[in-house]
Amino acid sequence: MADPKKETLLTYAYLLLYIALSSGQIFFNKWVLSSKEINFPYPLGLTLLHMIFSSVVCFVLTKILKVMKVEEGMTPEIYASSVVPIGAMFAMTLWLGNTAYLYISVAFAQMLKAIMPVAVFVLGVAAGLEVMSCKMLLIMSVISIGVLIASYGEININWIGVVYQMGGVVGEALRLIFMEIFVKRKGLKLNPISVMYYVSPFSALCLFLPWIFLEKPKMDDHGPWNFPPVLLILNCLCTFALNLSVFLVITHTSALTIRVAGVVKDWVVVLLSAILFADTKLTLINLFGYAIAIAGVAAYNNFKLKKEATRDTSDASEHDESSQRQQSQLLPSR
């Protein structure tokens, strides 16, 4: 029998690992891209390296070392209808989100990300996955008002960066919608390694094409680059480790735990960015607006989790009723 104290400590360790890696990756990318730090202003190139690295590592783990297994059941039709749009949206999210760091602070980018539930809900309603309700409209309004107040309190607002960040938010919302359709309608459940095994190569292809035209000429004009290769490899490794940490947290805790951890991580990023980066100047209006938005996000998460719990209970009841009917049919008639 497992020791409860040991299990609790292990859970907290996984949560701290996730928060540390997620926050650290955001800061690492900002540090690499910032003109005041490493000065590698090529978000497309950096994201492309992440996807190539993930593709290679997944291939080595599953096909060469065979320490992980790729789930079976993938067909050309499922790949074309699900993996392709998921990979494209994943590439869009990473590209635009990293590009935003060239124009706005990490803290402000994180505040804008709080609008994510609104984008997911609106697109979910359009796709028939969500149902419009007064309660959800109220929650969406609270989040939107909070983000607007936080934006109003931003001292050095750059609208180019805002557009890039909001584009990344839309891309992430679409990716989540496609993932939900993939799981619910295709009936194929994959572990995280399998998802990255299929998605990463296509995401790399989606990033490679614009990189050829948008960033490669600039990199060629720059001439020899003195960027330490070790830092690039470490950056890619951190991205891959972050994906694995999400898997560990979900496996050992629950959806509620990782969502709460995500909110904690967001606050950690906002506050630490004010200490680590000179371009971050937090105001009381910033923090007040962000607090309102986070309250809305917490209400959204709570609503979704209650809905999921109700659905799971309903599914379990239907399964029990079906089992009872089958058993009654097997009983000999008198």
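So, a few notes on the structure that sits alongside this text. Bear in mind the structure is a predicted one, so any value in this text is a computation, not a measurement. (Residues numbered from 1 in each chain as written. Predicted model: local features only at pLDDT ≥ 70, side-chain atom pairs only at ≥ 80, totals over all residues. Heavy atoms only, no water.)

Some details on the overall build of the protein
- Across its full length, the protein holds 12 helices and zero strands.
- Ordered by position from N to C terminus, the α and β elements of the protein give α-α-α-α-α-α-α-α-α-α-α-α.
- Burial statistics for the protein: of 334 residues in total, 42% are counted as buried.
- A sequence separation of at least 24 residues applies to 87% of the contacts in the protein between residues at least 6 apart. (Helix = DSSP H or I, 4+ residues; strand = E, 2+ residues; numbered from the N terminus. Buried < 20%, exposed > 50% of the residue type's maximum accessible area, 1.4 Å probe, protein only. Contact = heavy atoms within 4.5 Å.)

Some points on a nonpolar patch on the surface
- A cluster of nonpolar side chains, F59, I64, L65, V67 and M68, forms an exposed patch at the surface whose accessible area comes to about 480 Å².
- Residue placement: I64 occurs in helix 2 (residues 43-64). (Patch = residues over 30% accessible without salt bridge, like charges linked within 9 Å, V, L, I, M, F, W, Y side chains within 5 Å. Areas by Shrake-Rupley, 256 points an atom, 1.4 Å probe, with all protein chains shown as cover. Salt bridge = Lys/Arg side-chain N within 4 Å of Asp/Glu carboxyl O.)

Focus on the nonpolar core
- V106, M140, I143 and V147 are the most contacted members of the largest nonpolar core, which totals 46 residues.
- Put simply, the parts of the chain that give this core at least two residues each are helix 1 (4-33), helix 4 (106-113), helix 5 (116-127), helix 6 (134-152), helix 7 (159-186), helix 10 (229-252), helix 11 (255-276) and helix 12 (284-330).
- Residues contacting M140, with those up to four places away along its chain left out, are P117, V118, F121 and Y300.
- Core analysis: the next-biggest nonpolar cluster, separate from the first, contains 24 residues, A91, V195, M196 and Y198 among them. (Core = buried A, V, L, I, M, F, W, Y, C linked by side-chain atoms within 4.5 Å.)

Considering the packing of aromatic side chains
- Applying the stated criterion across every chain yields a total of six aromatic pairs.
- On the numbers, 5.8 Å between centres and 15° between planes, the contact of Y103 with Y164 is stacked. Taken as a pair, Y103 in the loop between helix 3 (76-100) and helix 4 and Y164 in helix 7 lie far apart in primary sequence, 61 residues in all.
- With a relative accessible area of 33%, Y103 lands in the partly exposed category.
- A centroid spacing of 5.3 Å and a plane angle of 80° characterise the contact between Y197 and Y198, whose relative ring orientation is edge-to-face. (Phe/Tyr/Trp six-rings, centres within 6.5 Å; stacked < 30°, edge-to-face > 60°.)

Side note on the packing of helix 5 against helix 6
- Between helix 5 and helix 6, whose axes approach to 9 Å, the crossing angle comes to 145°. Between helix 5 and helix 6 the crossing geometry is left-handed. Between helix 5, through P117, V118 and F121, and helix 6, the contact on the second element is made entirely by M136, M140, I143 and S144. (Axes fitted to C-alpha atoms, helices over the stretch in contact; angles between N-to-C directions. Left-handed = near helix turned anticlockwise from the far one by under 90°.)

What about the pattern of salt bridges?
- The full count for this structure, using the stated rule, is three salt bridges.
- Ionic pairing is found between K216 and D220, a salt bridge with its closest N-O pair at 3.0 Å. Of this pair, K216 and D220 both sit in helix 9 (residues 216-222), separated by four residues, roughly a single helical turn.
- In this structure, K265 and D266 form a salt bridge, with 3.2 Å as the shortest nitrogen-oxygen distance.

Some details on the environment of N286
- Along the polypeptide, N286 turns up in helix 12.
- For the pair N286 and L148, spaced 138 residues apart in sequence, the C-alpha to C-alpha distance is 9.5 Å.

Some thoughts on the packing of helix 4 against helix 6
- Running from N to C, helix 4 and helix 6 cross one another at 160°; their axes reach a closest spacing of 9 Å. Classified by the interaxial angle, the pair formed by helix 4 and helix 6 is roughly antiparallel. The two elements helix 4 and helix 6 cross, and the hand of that crossing is left-handed. In this structure, helix 4 contributes F108, M111 and L112 to the contact, and helix 6 contributes V147, A150 and S151.
- For the contact of helix 4 with helix 6, the class distribution of residues is five nonpolar, one polar and no charged. (Parallel < 35°, antiparallel > 145°, perpendicular 65-115°, else oblique. Nonpolar A, V, L, I, M, F, W, Y, C, P; charged D, E, K, R; others polar.)

Structural notes on helix 2
- The end-to-end C-alpha distance of helix 2, which contains 22 residues, comes to 31 Å, matching closely the 32 Å that a straight helix rising 1.5 Å per residue would cover.
- Just beyond helix 2, the residue with positive phi is K66, at close to 55°. (Expected span 1.5 Å × (residues − 1).)

Considerations on the side chain of N286
- Relative accessible area serves as the criterion here: at 0%, N286 is assigned to the buried category.
- In contact with N286, other than residues within four places in its own chain, are M111, A150, G153, E154 and K281.

Observations concerning helix 3
- Helix length check: helix 3, at 25 residues, gives a terminal C-alpha distance of 35 Å against a target of 36 Å (1.5 Å per residue), a fit within 8%.
- Most pronounced at V83, the bend in helix 3 amounts to some 35°, and the proline P85 follows within four residues. (Bend = angle between axes of the 7 residues up to and from the residue.)

Quick look at the side chain of S22
- As for its placement among the helices and strands, S22 is situated in helix 1.
- If near-sequence neighbours (up to four positions away) are discounted, S22 is found in contact with L242 and K265.

Some thoughts on unusual backbone geometry
- Its identity as a non-glycine residue notwithstanding, K66 has a phi of 55°, on the positive side.
- Relative to the helices and strands, K66 is located in the loop between helix 2 and helix 3.

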